[in-house]
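# Structure at a glance
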Amino acid sequence: MRVALLGSTGFLGEQILEVLSMHHDFEVVLLGGFRNVPKLLNQAASFRPQYVYSPHLEGLSIPFHALTRGKELETVLLSDEVEGVFFAASGIAFFETFLKLLRTGKTIWVGSKELLILAGDLEGSGLLLRYPHLIPLDSEHNALWQMLQLLPREEIAKVYITASGGPFYEWQGSFADITPEMALAHPNWKMGAKITVDSANLVNKGLEVMEAFFLFDIPQEKIDVLIQRESVVHALIEMKDGFVFGVFAPPDMRLVIQNAISPRRLEHPFQRLRFTEFRALHFDYPVPQRFQGFYLALYALSRGRGYPTLFCGADEACVHHFLTRNISFEDIPVILEQVLDQDVSPPQSVHEIQRLFQLGFSKAEALIRRRSVLQ
Ligand SMILES: NC(=O)c1ccc[n+]([C@@H]2O[C@H](COP(=O)([O-])OP(=O)(O)OC[C@H]3O[C@@H](n4cnc5c(N)ncnc54)[C@H](OP(=O)(O)O)[C@@H]3O)[C@@H](O)[C@H]2O)c1
């Protein structure tokens, strides 16, 4: 299959490339990065795609067909040259292209959770029912996707997605003292800065509840989150008769990627689970006082269409300003809550979704500026 990979220079993108390099039925025809041009060109030298994409290639003389504009990229992605696309870039830059690709019936693998949330916020839940060629790459959603292919939906009582709890689950100090360096040290997964900070305050898990809701068309009240400290149980489904099914695997995205690229269960060379190494598996609920950002994400989803996108925009701004030390870790939920305290209408178009995301972002920035002036 001829595939394109957007976000190849990121943590997820690199792991996708590693898995693709082990499966010779995939030909990488396009690699897309952003600021890290040297890494993108190194990857291109190994994979020799027909195209490389980054706006930062503009004006450079390189031995590849360079695409520097979103429109050029979109044309190639929509053409017959590409049969499947991996979305592994952070942010929402490719939202419009993503929606167009969904409608083509090409295989679309999505790691970028914000894209799924925005698409669901625009079109309503049940993305996977409408677009069966869409394949989720988040480990929890991949686990649910695997189970939902086997279990009768109408007999499901509850769906659980799990969270490791992040580095501050047992933290005894004040959240105000958490530095970007501390928040960026995730115990179990290697990921980019935005998702790592989101994982540290569990906002990421809130985004994942939104993602599950929009992908699978499961009512929000049936989706629950459990802290699973060892990160080996990725999702559970409890049936009406009380039996619970679960997906267990080591916390390694390469397993998820390999599962997502093949309808068959393939051998893998990565580490396997050794059950006897676990003395116990620990489950817990996220403590509301500690993880307010998580509960605010659930609140945003429950308020109805428009709020998830507003929340995503506000969170993007909060994480950026936390990483640049303009606000503390403790400030993030305070800002998110204030941004959600307004009325928005359900978005009707791509343009309205983009405007709502921008509204969330700029409202959060305005609040952040006001806080720093007041301090
Ligand atoms: N890492 C994981 O295990 C994991 C698991 C599940 C889901 N995800 C999701 O996958 C996405 C990527 O995560 P990550 O951990 O790989 O993050 P990351 O390491 O920060 O990588 C982000 C990627 O996106 C590219 N990018 C950033 N801004 C862009 C823009 N405006 N236009 C085009 N490309 C842009 C970056 O390019 P440059 O580096 O060249 O600037 C890089 O390739 C996120 O949405 C995350 O939530 C990640």
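It should be emphasised that the depicted structure is a prediction, and the values quoted were computed from it without experimental measurement.

### Remarks on the domain arrangement of the protein
For the protein, the domain assignment lists domain 1 (2-137), domain 2 (139-289) and domain 3 (304-375). For domain 1 and domain 3, the distance between their C-alpha centres works out to 27 Å. Taken together, the contact between domain 1 and domain 3 spans nine residues of the former and 14 residues of the latter. A combined buried area of about 1000 Å² lies between domain 1 and domain 3, and 70% of that area is made up of carbon and sulfur atoms. Linking domain 1 with domain 3 are zero salt bridges. Here domain 1 and domain 3 share four residue pairs in polar contact (both at pLDDT 80 or more) between them. When the residues that make up the side of domain 1 that touches domain 3 are grouped by side-chain class, the tally is six nonpolar, no polar and three charged.

### Structural notes on the environment of arginine 371
For arginine 371, the position within the fold is in helix α15 (residues 350-374). Judged by relative accessible area, arginine 371 falls into the partly exposed class, the value being 24%. Those residues in contact with arginine 371 that lie beyond four places of it in its chain are Asp331, Val334 and Ile335.

### Observations regarding the layout of surface pockets
By volume, the second largest pocket amounts to about 480 Å³. Listing elements by their share of the lining of the second largest pocket, those giving two or more residues are α7 (139-148), β11 (244-248) and α11 (253-261). Looking at side-chain class alone, the lining of the second largest pocket contains 10 nonpolar, seven polar and five charged residues.

### Here's the deal with the side chain of glutamate 211
Locating glutamate 211 in the fold gives a position in helix α10 (residues 203-216). Of the side chains bearing the opposite charge, lysine 113 lies closest to the buried glutamate 211, which forms no salt bridge; the N-O distance is 4.6 Å.

### Describing the pairing of strand β1 (residues 2-6)
The side chains of a regular strand alternate, residue by residue, between the two faces of the sheet. Most of β1 is tucked away: four of the five residues are buried. Where β1 and strand β2 (residues 27-32) come together, five bridges link them in parallel fashion. Looking at β2, one finds that alanine 4 is bridged to leucine 30. Between β1 and its parallel partner β2, the chain crosses via helix α1 (residues 11-21), and the hand of that crossover is right-handed. In this structure, β1 lies alongside strand β5 (residues 84-87), joined through four bridges in parallel fashion. Counterpart to leucine 5 in the pairing with β5 is phenylalanine 86.

### A short note on the pattern of salt bridges
Scanning the entire structure with this criterion turns up 22 salt bridges. We note a salt bridge from glutamate 74 to lysine 100, for which the minimum N-O separation is 2.7 Å. Here lysine 100 lies in helix α4 (residues 95-102) and glutamate 74 lies in helix α3 (residues 70-78), a separation of 26 residues in the sequence. Under the relative-accessibility criterion, lysine 100 is labelled partly exposed at 32%. Here glutamate 140 ties to lysine 205 by a salt bridge, and the two come within 2.9 Å at their closest N and O atoms. With a gap of 65 residues between them, glutamate 140 in helix α7 and lysine 205 in helix α10 connect regions that are remote in the sequence. Its relative accessible area of 7% is what places glutamate 140 among the buried residues. Given the relative accessible area of 6%, lysine 205 is considered buried. Linked through salt bridges whose partners overlap, the residues forming this network are Lys113, Asp138, Glu140, Lys205 and Glu208.

Thresholds applied
- Residues numbered from 1 in each chain as written.
- Predicted model: local features only at pLDDT ≥ 70, side-chain atom pairs only at ≥ 80, totals over all residues.
- Heavy atoms only, no water.
- Domains from an automatic or database assignment.
- Contact = heavy atoms within 4.5 Å.
- Buried area = accessible area lost by both parts, 1.4 Å probe.
- Salt bridge = Lys/Arg side-chain N within 4 Å of Asp/Glu carboxyl O.
- Polar contact = N/O pair within 3.5 Å; in protein donor to acceptor, adjacent residues only side chain to side chain.
- Nonpolar A, V, L, I, M, F, W, Y, C, P; charged D, E, K, R; others polar.
- Helix = DSSP H or I, 4+ residues; strand = E, 2+ residues; numbered from the N terminus.
- Buried < 20%, exposed > 50% of the residue type's maximum accessible area, 1.4 Å probe, protein only.
- 1 Å grid on protein atoms, 1.4 Å probe; cavity = no way out; pocket = protein on both sides within 12 Å on 5 of 7 lines; lining within 4 Å.
- Points joined across faces, edges and corners; volume = space filled by probe spheres on them.
- Lys, Arg positive; Asp, Glu negative; His and termini not counted.
- Pairing = 2+ DSSP bridges.
- Right-handed = clockwise from strand over helix to strand, strands pointing away.

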